[in-house]
Amino acid sequence: MMKSLLYVFLGITLAVAQEGNFGKNKVQYKKFEWYFIQTDHFDIYFYQGGEHLANFTAFAAESAYASISKSFRYQLNNRVPIMVYNSHNDFQQTNVVSEYLEEGIGGVTELFKNRVVIPFEGSYRQFRHVIHHELVHAVINDMFYGGSIQAIITNNIRLQIPLWMNEGLAEYEALKWDVNSDMFMRDATIHTYLPPIENLGGYFAYRGGQSVWYYIANKYGEQKISEILHRIKGARNVDAGFKSAIGLSVSELSERWQKEQKVQYWPDIAKREEPADFATQLTNHVKENNFYNTSPAISPQGDKIAFISDRDDFFDVYVISTIDNKIKKIVDGQRTKNFEELHLLTPGMSWSPDGKKIALAVKSGERDAIYLVDVNT
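Numbering of residues starts from 1 in every chain and runs along the sequence as written. For this predicted model, a pLDDT threshold of at least 70 governs which residues receive local features, and a threshold of 80 or more governs which side-chain atom pairs are given and counted, while totals over whole chains, interfaces and linings are taken from all residues. To get the side-chain values, take all heavy atoms of the structure and skip hydrogens and water.

### Re the sheet that holds strand β11 (residues 357-364)
Okay, step 1: On the basis of which strands lie adjacent, the open sheet formed by 3 strands has the order β10-β11-β12 and antiparallel pairing. The open sheet terminates on both sides in strands that have one partner only, identified here as β10 (350-351) and β12 (367-374).
Okay, step 2: Paired strands, in this sense, are two strands between which DSSP finds at least two bridges. Here a strand is any run of E in DSSP of at least two residues, a helix any run of H or I of at least four, and the numbering for each starts at the N terminus. Two strands pair when backbone bridges link them, and β10 and β11 are joined in this way by 2 bridges, in the antiparallel orientation. The residue of β11 that forms the bridge with tryptophan 351 is isoleucine 358.

### Regarding the packing of helix α6 (residues 179-190) against helix α7 (residues 203-220)
Okay, step 1: Fitted lines through C-alpha atoms give the axes, limited to the stretch in contact for helices. The angle between two N-to-C directions lies from 0 to 180 degrees. Remark: α6 packs on α7, axes separated minimally by 10 Å, with the N-to-C direction vectors making an angle of 100°. As judged from the angle between their axes, α6 and α7 are roughly perpendicular. Judged by residue contacts, Ser181, Phe184, Met185 and Ala188 of α6 engage Tyr203, Phe204, Arg207, Gly208, Gln210 and Ser211 from α7.
Okay, step 2: Residue composition of the contact of α6 with α7, grouped by class: 5 nonpolar, 4 polar and 1 charged. Angular relationships are summarised with four words: roughly parallel below 35 degrees, roughly antiparallel beyond 145, roughly perpendicular across 65 to 115, and oblique for the angles in between. By the convention used here, residues are in contact when the closest approach between their heavy atoms is within 4.5 Å. Charged residues are taken to be Asp, Glu, Lys and Arg, nonpolar residues to be Ala, Val, Leu, Ile, Met, Phe, Trp, Tyr, Cys and Pro, and polar residues to be all remaining types, Gly included.

### Regarding the pairing of strand β3 (residues 80-85)
Okay, step 1: The buried label applies to any residue whose accessible area, calculated with a 1.4 Å probe on protein chains only, is under 20% of its type's maximum; exposed applies above 50%, and partly exposed to all values in between. Judged by how many residues are buried, β3 sits mostly within the fold: 6 of 6 residues are covered.
Okay, step 2: Burial along β3 is two-sided: Val80, Ile82 and Val84 facing one way and Pro81, Met83 and Tyr85 facing the other are all buried.
Okay, step 3: In this sheet, β3 lies alongside strand β2 (residues 42-46) in parallel orientation, the contact comprising 4 bridges. Residue pairing for β3: tyrosine 45 is matched across the bridge by methionine 83.
Okay, step 4: Consider the strands pointing away from the viewer: the crossover is right-handed when the path from the first strand over the helix to the second runs clockwise. A crossover connection joins β2 to the parallel β3 through helix α1 (residues 51-72); in handedness this β-α-β unit is left-handed.
Okay, step 5: Sheet topology places β3 next to strand β5 (residues 115-119); 4 bridges connect them, and they run parallel. Bridging across to β5, methionine 83 finds its partner in valine 117.

The following block contains the structure:
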């Protein structure tokens, strides 16, 4: 049985890129009895009911590492522990990292002992992607930092890999290019809110960073990825590494990358209609001063839409009329144990045939639940 593991940050930032959760407690609902299996490069930890996930992880991890090692021209110096949780609710109880792990965090790699922590969330395809993504972080940690906080201190390593570079490279290595990233970059470019490379933070670090590496691979060849990494490692400076490898500083690269996005996506302005030209806008996050109006579910009669919004700072469920735009809140989320999370990414919200109730998937304490909510009451 593996004991709880504590760690200290010492100023090093985790590759999670999620907003802070001040004041939230991490609750342990169950006691985990851990076992492990070994592959050539990984120690894979699992608990009761997770044997098949551990075996899948073993195969997927070695396959991903073979691809990463070839791309980076680098071999791991240290074994990497991988802790596999059977569900996201179990994953949220981990002691490997102290932060509360929101729904959007599909995995984490910490630097204290270079451990990968991942949950299985129902899709083996997504699980394989997360394994590949997190192993890129583990290899980067081993390559640049020696695989632990102790190595950083001992070797006086001061290099900080930018978030866009780290997360973008992990996404590019796992996916190369994909439809969701293309959609995101298209919208950001056409509506002129695409920031320069140096300002790619938050979710932009993932999609924008992936786009940068995709651009580099297509413009200069995939072999330049490993050259950039090794030049950065040798110079202990990101800008110097890029300059040495491709002859451009990050800011110079940014100008060319942004221009390429315009060349690729701006022709769509002439080819596509704007939604405002043929549809009525029901929500406006600018006027309502919020970030999310998402996960819509249309009633069978078409007269109402249920959706999730953060207009009261918490994620709540609202119903809006498609006839007169009147809006009503029907669920207060994130305030009680029963509605701890509304599963923003996978709400599964659905109406009853008579349009009087909605079904909503939520995190309720230690497990998921489906609540039936009367729309009127």
